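Listed below, chain by chain, are the residues.
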Amino acid sequence: MTGSSPIPRDASPVTSKGRATRARIVDAAARLVYEGGVAGTSLDDVGLAAGVGRSQLYHYFADKGELIRAVISHATDEVLDAQEPYLHHLDSWEAWESWRDIVVDVQRRRHHGGCPLGSLASELADVDERARELLAGGFDRWEAAFREGLDAMRTKGLLRADADTHALALTVLAALQGGLLLSQTRRDAAPLEVALDGALATIRAAAAARPTRPSPARPSRRNP
């Protein structure tokens with residue numbers, strides 16, 4: 001990462017123009033990082049893509065590291081927002097199936113796969129502790145949305161009372177990330193589809209037993 005600049009920066013611009021400029025810089029950086037990685041993206045690249053000079057970059061970000069951390073926050077919001085309105089309403093079997101379908105469909109329509117958060121984690125987790133913490137927080141938000149839906153299903157009686165929603169949510173997240181990685185490598189959505197089907201099967205294994213209906217009363221055969 002590059003060193004900080006003596007030029008004053010404005011990490012939280014108060015004017016609409018300042019906020020728009022900062023957002024444009026982050027958008028450009030996020031796009032370049034997703035396409036070429038952190039190491040393959042320079043501040044000059046970002047400035048050119050955003051239409052700003054180096055001094056303006058340093059006005060909003062002390063160094064490349066701070067810009068990348070903004071990219072992580074931006075990527076987290078984009079990834080989670082793209083899964084709405086399903087992600088925060090996973091409180092039924094139908095909702096889980098719909099979420100699974102939209103995630104797989106997005107993967108099928110992309111020219112290249114992968115998860116922006118997963119890609120950033122593989123590049124930064126071992127070299128930038130602050131970035132790792134931000135990425136972990138992003139994955140925590142994702143997992144929490146899964147767990148919230150599973151908790152609601154348990155409350156409704158769709159899952160057993162002893163269902164471990166923490167473990168189930170983590171299972172879904174791990175399957176999702178592994179499936180996305182394999183789909184990215186193979187340029188094929190099938191690994192993601194299989195991984196998510198496996199995760200949903202694990203959830204269904206924790207389904208509450210359906211109550212059995214009482215047998216209809218048999219007419220008495222006693223003699224009059």
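Let me begin by describing the structure that accompanies this report. Given the structure is predicted, the values throughout are model-derived calculations rather than measurements.

Focus on the pattern of salt bridges
Here is step 1 of the chain: The full count for this structure, using the stated rule, is 13 salt bridges.
Here is step 2 of the chain: A salt bridge links Arg 204 to Glu 97; the shortest N-O distance between them is 3.7 Å. With Arg 204 in helix H9 (residues 190–204) and Glu 97 in helix H5 (residues 93–109), this residue pair connects regions lying 107 residues apart in the sequence.
Here is step 3 of the chain: The exposure class assigned to Glu 97 is partly exposed, which follows from its relative accessible area of 30%.

Thoughts on the packing of aromatic side chains
Between two aromatic rings, the relevant description is the distance of the centres plus the angle of the planes.
Here is step 1 of the chain: Inspection of the entire model under this criterion finds 4 aromatic pairs.
Here is step 2 of the chain: Considering the side-chain rings of Trp 96 and Trp 99, the 5.7 Å spacing of their centres and the 85° angle between planes classify their relative orientation as edge-to-face. With Trp 96 and Trp 99 both in helix H5, this residue pair falls 3 residues apart, about one helical turn.
Here is step 3 of the chain: A ring pair is formed by Phe 139 and Trp 142, whose centres lie 6.4 Å apart and whose planes are at 5°; its orientation type is stacked. On the criterion of helical spacing, the pair formed by Phe 139 and Trp 142 is a turn pair, its members being 3 residues apart in helix H7 (residues 129–156).
Here is step 4 of the chain: Overall, Phe 139 belongs to the buried group, its relative accessible area being 17%.
Here is step 5 of the chain: Taken together through their ring pairs, the aromatic side chains of Trp 96, Trp 99 and Phe 146 make up a single cluster.

Some remarks on the environment of Ser 183
Here is step 1 of the chain: As for its placement among the helices and strands, Ser 183 is situated in helix H8 (residues 165–186).
Here is step 2 of the chain: Ser 183 sits 75 residues away from Arg 108 along the chain, and the two C-alpha atoms are 9.3 Å apart.
Here is step 3 of the chain: Once residues lying within four places of it in the same chain are set aside, the contact partners of Ser 183 are Gln 107, Asp 188, Ala 189, Pro 191 and Leu 192.
Here is step 4 of the chain: Polar side-chain contacts of Ser 183 include one of 2.9 Å to the backbone oxygen of Asp 188.

Some thoughts on the side chain of Arg 69
Here is step 1 of the chain: Tracing the sequence through the fold places Arg 69 in helix H4 (residues 64–81).
Here is step 2 of the chain: Ignoring any residue separated from it by four or fewer positions in sequence, one finds Arg 69 in contact with Asp 63, Asp 128, Arg 130 and Leu 134.

Overview of the environment of Ser 42
Here is step 1 of the chain: Residue position: Ser 42 is located in the loop between helix H1 (16–36) and helix H2 (43–50).
Here is step 2 of the chain: The class for Ser 42 is partly exposed, based on a relative accessible area of 29%.
Here is step 3 of the chain: Spatially, the C-alpha atom of Ser 42 lies 9.1 Å from that of Leu 32, the residues being 10 residues apart in sequence.

So, the packing of H5 against H7
Here is step 1 of the chain: Remark: H5 packs on H7, axes separated minimally by 11 Å, with the N-to-C direction vectors making an angle of 155°. Classified by the angle between their axes, H5 and H7 sit roughly antiparallel to one another. Between H5 and H7, the residues in contact are Trp 93, Trp 96 and Trp 99 and Phe 146, Leu 150 and Met 153, respectively.

A short note on the environment of Asp 91
Here is step 1 of the chain: Counting through the fold element by element, Asp 91 comes out in the loop between H4 and H5.
Here is step 2 of the chain: In this structure Asp 91 comes out as partly exposed when scored by relative accessible area, which is 26%.
Here is step 3 of the chain: Considering only alpha carbons, one finds Asp 91 and Arg 154, 63 residues apart in sequence, at a separation of 8.8 Å.
Here is step 4 of the chain: Once residues within four sequence positions are removed from consideration, Asp 91 is found in contact with Gly 149, Ala 152, Met 153, Lys 156 and Leu 158.

Examining the side chain of Thr 41
Here is step 1 of the chain: Looking at the secondary structure, you find Thr 41 in the loop between H1 and H2.
Here is step 2 of the chain: Taking relative accessible area as the criterion, Thr 41 reaches 4% and is therefore assigned buried.
Here is step 3 of the chain: Of note is the side chain of Thr 41, whose polar atom sits 2.8 Å from the backbone oxygen of Gly 37.
Here is step 4 of the chain: Beyond its immediate stretch of four places on either side in the chain, Thr 41 contacts Leu 32, Val 33, Val 46 and Lys 64.

Here is what the cut-offs are and how they apply
- Residues numbered from 1 in each chain as written.
- Predicted model: local features only at pLDDT ≥ 70, side-chain atom pairs only at ≥ 80, totals over all residues.
- Heavy atoms only, no water.
- Salt bridge = Lys/Arg side-chain N within 4 Å of Asp/Glu carboxyl O.
- Helix = DSSP H or I, 4+ residues; strand = E, 2+ residues; numbered from the N terminus.
- Buried < 20%, exposed > 50% of the residue type's maximum accessible area, 1.4 Å probe, protein only.
- Phe/Tyr/Trp six-rings, centres within 6.5 Å; stacked < 30°, edge-to-face > 60°.
- Contact = heavy atoms within 4.5 Å.
- Polar contact = N/O pair within 3.5 Å; in protein donor to acceptor, adjacent residues only side chain to side chain.
- Axes fitted to C-alpha atoms, helices over the stretch in contact; angles between N-to-C directions.
- Parallel < 35°, antiparallel > 145°, perpendicular 65-115°, else oblique.

Bear in mind that shape data such as this cannot, by itself, settle questions of function.
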